[in-house]
Every structure is written in structure tokens, then in C-alpha cells.
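Spelled out from the first residue to the last, the chains are:
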Amino acid sequence: MIVVIAPISSAPPRPRRTPRSSGTRPRSTSLMCQAAEQAGLPADAKFRAAFVAYLEWGSRIALENSQAGGRPPERMPVPRWWWVCNATPGARVSALAGKEPEEQVVTLPAAGQPVSFAAHIKPLFRSMDGNSMRFAFDLWSHEDVKTHSAEILKRLSNGSMPCDGGWSPDWVAVFRH
């Protein structure tokens, strides 16, 4: 079974007038668990543990994003939860963090130049990408990327990876080689 939690509207959320308090988190999580029960979602322990972990993580994001000075990352999609949940604290940029440093400049190989993992592939993956996938494998490990290359390529090609927007066709072509 795949459960997708996604936004109801694609319109940007309106800013809250007052910040959420940490006291609302348990109540929100409790109400969402009751809704899951009423909707007939699986009651087995593994599913519920993963589901509650996602709800707890999401409520922390909501609390953080509603605070004065919080700046949620632009164009960051609502995380989609699935059985192997990657909803870990390091999987997203904090809304309370300072401005993120500029991304590393990526140098693509010249025509006829062999593709190097260290020089051409590894720099394509940002720290956010690595944190998001850490539950499954290490995007900075040549062996891990080689082992999972078919699935990574499939997701890069269809635009579902990285989670905040697809790579350019040139980047996908470099990874393909």
C-alpha cells in the first residue's frame, strides 16, 4: 500500500498571523492519527510507527515555518510519505537556518572526456539530496551510486529526483554515462 500525503491546493500557503506553539503539535498529531484510524489505514505496528514518525516530523516543520523569522525554502514541495519514509530531520533545509551557501559549480566533462565519479557525478548531488536519500544509500559513495544507478537514473529521467525539481538533460546525460 502506498499512502501519499500531498497538499490540497497548489496555491502558496498564507502566512500565519500568530506562530504555532509547541503545545499544538501533540494535538495535531493525535487528530491526524484519529483520522487515519477512521480512514481505515493499516493498523499494524510498523506502518503506524512510520506514519506517526512522519506526522511528528511534519508538525515540527509546521511549527518551525510559522515562527517569526522563519523562511521556508522556496519551491520546496510537501514531502510525500511512503512506506520507507525519508522524513528525517536532515532531509530538508531548516526554515530558521541562515541563507544557504551558493551551490558548488558543476563542471561537466568535455566531449570525449571520460566521466569521473569524483569530478562529474558526485558534485551533481547537493547536501540536501544526500540527506534525503541517506535512509537508503549514500549519494557520495561511488559504490552505492553504482549499485543503485539504474533506479537513480530512472528517477532522474522522470524528474522525481531530486525532490525539489529535476535535473537538466545535460546532467542526466552525464549520469547516464
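Note that this is a predicted model, so its numbers are computed, not measured.

Analysis parameters
Residues numbered from 1 in each chain as written. Predicted model: local features only at pLDDT ≥ 70, side-chain atom pairs only at ≥ 80, totals over all residues. Heavy atoms only, no water. Axes fitted to C-alpha atoms, helices over the stretch in contact; angles between N-to-C directions. Helix = DSSP H or I, 4+ residues; strand = E, 2+ residues; numbered from the N terminus. Parallel < 35°, antiparallel > 145°, perpendicular 65-115°, else oblique. Left-handed = near helix turned anticlockwise from the far one by under 90°. Contact = heavy atoms within 4.5 Å. Nonpolar A, V, L, I, M, F, W, Y, C, P; charged D, E, K, R; others polar. Buried < 20%, exposed > 50% of the residue type's maximum accessible area, 1.4 Å probe, protein only. Core = buried A, V, L, I, M, F, W, Y, C linked by side-chain atoms within 4.5 Å. Phe/Tyr/Trp six-rings, centres within 6.5 Å; stacked < 30°, edge-to-face > 60°. Arc of directions from axis to C-beta. Expected span 1.5 Å × (residues − 1).

Draft legend 1. Broad picture of the packing of helix α1 (residues 24-38) against helix α2 (residues 45-65). Packing of α1 against α2 brings their axes to within 10 Å, and their N-to-C directions diverge by 140°. Classified by the angle between their axes, α1 and α2 sit oblique to one another. Handedness of the α1/α2 crossing: right-handed. Here R25, T29, M32, C33, A36 and E37 of α1 lie close against α2, whose contacting residues are R48, F51, V52, L55, E56, S59, R60 and L63. Considering only residue class, the contact of α1 with α2 consists of 7 nonpolar, 2 polar and 5 charged.

Draft legend 2. Spotlight on the environment of D129. Structurally, D129 can be placed in helix α4 (residues 127-133). What makes D129 buried here is its relative accessible area of 6%. Along the primary structure D129 and M161 are separated by 32 residues, whereas in three dimensions their C-alpha atoms are 8.5 Å apart. Sequence-distant contacts of D129, defined by excluding residues within four places in its chain, comprise L124, L139 and P162.

Draft legend 3. Structural view of the nonpolar core. Counting 16 residues, the largest nonpolar core has F125, L139, I152, L156, M161, W167 and F175 as the members making the most contacts within it. At the level of secondary structure, the elements contributing two or more residues to this core comprise α3 (117-121), α6 (149-158) and α7 (169-176). Once residues lying within four places of it in the same chain are set aside, the contact partners of F175 are I121, F125, V145, S149, I152, L153, L156 and W167. The next biggest cluster of nonpolar side chains, apart from the first, holds 8 residues, and it includes L41, F47, F51 and Y54.

Draft legend 4. Expanded view of the packing of α6 against α7. At a minimum axis distance of 10 Å, the contact between α6 and α7 shows a crossing angle of 165°. The angle between the axes of α6 and α7 places the two elements in the roughly antiparallel class. Of the two possible hands of crossing, α6 and α7 adopt the one that is left-handed. Residues S149, I152, L153, L156 and S157 of α6 form the contact with α7, whose own contacting residues are V172, F175 and R176. In the contact of α6 with α7, the residues fall into 5 nonpolar, 2 polar and 1 charged.

Draft legend 5. Molecular detail of the packing of aromatic side chains. Taken as a whole and judged by the stated rule, the model has 4 aromatic pairs. A ring pair is formed by F125 and W167, whose centres lie 5.2 Å apart and whose planes are at 50°; its orientation type is tilted. Of this pair, F125 sits in the loop between α3 and α4 while W167 sits in the loop between α6 and α7, and the two are 42 residues apart along the sequence. Classification of F125 as buried rests on a relative accessible area of 5%. Overall, the relative accessible area of 12% leaves W167 in the buried class.

Draft legend 6. Structural context of α7. Turning to α7, its buried residues are V172, V174 and F175. Buried residues of α7, seen end-on, are gathered within an arc of 160° and therefore sit on one face of the element. Residues of α7 that are exposed and angled more than 90 degrees away from the buried face: P169 and D170. Buried residues along α7 sit against α3, α5 (142-147) and α6.

Draft legend 7. Structural detail: α1. The first and last C-alpha atoms of α1 sit 21 Å apart over 15 residues, in line with the 21 Å expected at 1.5 Å per residue. For α1, the set of buried residues is R25, T29 and A36. Down the axis of α1, the buried set is contained in an arc of 30°. They therefore lie on one face. For α1, exposure combined with an orientation more than 90 degrees from the buried face picks out R27, E37 and Q38. On its buried face, α1 is in contact with α2. Directly beyond the C-terminal end of α1, a positive phi value near 80° is found at G40.

By themselves, these observations are geometric and do not establish any function.
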